[in-house]
Amino acid sequence: MHKSSIVGRGQIDKIIFNFLSYTIVGIFALACILPFYLVVIGSFSDERTIITEGYSLVIKKFSLEAYKLIFKNPISIIRAYEITIFVTVVGTICNLFITLMTAYVLARKDFPWRNGIMFFFFFTTLFNGGLVPWYLLCSEVLKFNDKIYALILPLMFSVWNMIIATNYIRNNIPFEIIESAKIDGAGDFTMFIKLIVPLCKPLTATLALFTALAYWNDWYNCMLFIRNENMYTLQYYLQELLNSAEAIRRIAEKSGRIVQALPMESTKMAMTVIATGPIILLYPFLQKYFIKGITIGALKG
């Protein structure tokens, strides 16, 4: 009798625990999904309805004016997509290659200068020349102005990602494997491509996702170095479109002229959908490795 009551109590505790766990996780998931849901609903809502009644969970008056305004010049936005996709793909591949190769070298115990080079990375990360010298170097010496590599090179290497990769390789790949491959006659580059990279899949997927997001969302370098409208990235193109619409509205107000009302609020929502939609598609493909990757550095029991 006493044993059966203990078993029953254990089942009740398990039910309560599962109920609380699912409830808390569900609340967090809802908190993450709800803002994006409101953005999507707002992008398809009428501008006047948003201004008078605010944002709502359902579309009270359907409108495509925001998307019509954004896609008024479809060639420009398609070109911005092409530039952004090219920069994201090429930049992410180059970033991963350089980051992993640097991390592999600094993680090897037989590399005598690894501490000095690591100190160099630390020091230049904490203390640098500042924004103005950096801009002058890029624009005057490296000739970044209106060059596609101006959108790739500034984000091609991340010290923090390199430190994470170095610790991962040092703690998860035994040095004896590298030594045995070296005894078998493998060169450094062969060991890196055929041994280190396949063993770093979770790390590579995580760094690839973070790097791709950084390239996709980058507008700052485009603002600094690109003047040719045909080379605008998607983020900067949408920002310029919104600024132009806002400028037209203000000029019309000051001059007293009556112009067609521009859907500013719904345009902001539509821009968010257009800018974030494609990059979200990356998550399902990288989820398997991403979950392993985010536990890098966690304590092991």
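Residues numbered from 1 in each chain as written. Predicted model: local features only at pLDDT ≥ 70, side-chain atom pairs only at ≥ 80, totals over all residues. Heavy atoms only, no water.

1. Overview of the UniProt feature "transmembrane region" (unreviewed entry) in the protein chain
Inference 1: The UniProt entry lists residues 15-38, 83-106, 118-136, 148-170, 191-216 and 269-286 under the feature "transmembrane region" (unreviewed entry), expressed in the numbering used here.
Inference 2: The span residues 83-106 is 100% helical and 0% strand by assignment, and the distance between its end C-alpha atoms comes to 34 Å.
Inference 3: Helix makes up 96% of residues 191-216 and strand 0%, with an end-to-end C-alpha separation of 31 Å. (UniProt positions renumbered as here; feature names shortened; annotations may be inferred. Helix = DSSP H or I, 4+ residues; strand = E, 2+ residues; numbered from the N terminus.)

2. Section: the environment of Cys138
Inference 1: Looking at where Cys138 falls in the secondary structure, it is placed in helix 6 (residues 131-141).
Inference 2: Taking the relative accessible area as the measure of exposure, Cys138 reaches 4% and is therefore buried.
Inference 3: Distance from Cys138 to Leu224, taken between C-alpha atoms, is 10.0 Å for residues 86 residues apart in sequence.
Inference 4: Excluding residues that lie within four positions of it along the chain, Cys138 makes contacts with Lys143, Phe144 and Phe225. (Buried < 20%, exposed > 50% of the residue type's maximum accessible area, 1.4 Å probe, protein only. Contact = heavy atoms within 4.5 Å.)

3. Some thoughts on the packing of aromatic side chains
Inference 1: Per the counting criterion, the structure on display carries 17 aromatic pairs.
Inference 2: Among the aromatic residues, those joined into a ring-pair cluster are Trp134, Tyr135, Phe144, Tyr149 and Phe225. (Phe/Tyr/Trp six-rings, centres within 6.5 Å; stacked < 30°, edge-to-face > 60°.)

4. Describing the side chain of Asp46
Inference 1: As for its placement among the helices and strands, Asp46 is situated in the loop between helix 1 (2-43) and helix 2 (47-53).
Inference 2: Although Asp46 is buried, it makes no salt bridge; Lys61 carries the closest opposite charge, 4.5 Å away.
Inference 3: Sequence-distant contacts of Asp46, that is, excluding residues within four places in its chain, are made with Lys61 and Ser63. (Lys, Arg positive; Asp, Glu negative; His and termini not counted. Salt bridge = Lys/Arg side-chain N within 4 Å of Asp/Glu carboxyl O.)

5. Topic: the side chain of Ser158
Inference 1: Summarising the element assignment, Ser158 is placed in the loop between helix 6 and helix 7 (159-172).
Inference 2: Of note is the side chain of Ser158, whose polar atom sits 3.3 Å from the backbone nitrogen of Asn161.
Inference 3: If we skip the residues at most four places from it in the chain, Ser158 touches Asn95 and Thr99. (Polar contact = N/O pair within 3.5 Å; in protein donor to acceptor, adjacent residues only side chain to side chain.)

6. Remarks on empty space enclosed by the protein
Inference 1: Counting across every chain of the model gives 2 cavities of 30 Å³ or more.
Inference 2: Reported here for the largest cavity is a volume of approximately 70 Å³.
Inference 3: Lining the largest cavity are Ile41, Gly42, Ser45, Thr49, Ile50, Gly54, Tyr55, Ser56, Val58, Ile59, Lys60 and Lys61.
Inference 4: When its residues are assigned to classes, the lining of the largest cavity shows 5 nonpolar, 5 polar and 2 charged.
Inference 5: Within this model, the second largest cavity holds a volume of roughly 50 Å³.
Inference 6: Lining the second largest cavity, in full, are Thr84, Val87, Thr88, Leu151, Tyr215, Trp216, Asp218, Thr233 and Gln235.
Inference 7: Those elements giving two or more residues to the lining of the second largest cavity turn out to be helix 4 (74-107) and helix 10 (201-217).
Inference 8: It is helix 4 that contributes the most residues to the lining of the second largest cavity, 3 residues altogether. (1 Å grid on protein atoms, 1.4 Å probe; cavity = no way out; pocket = protein on both sides within 12 Å on 5 of 7 lines; lining within 4 Å. Points joined across faces, edges and corners; volume = space filled by probe spheres on them. Nonpolar A, V, L, I, M, F, W, Y, C, P; charged D, E, K, R; others polar.)

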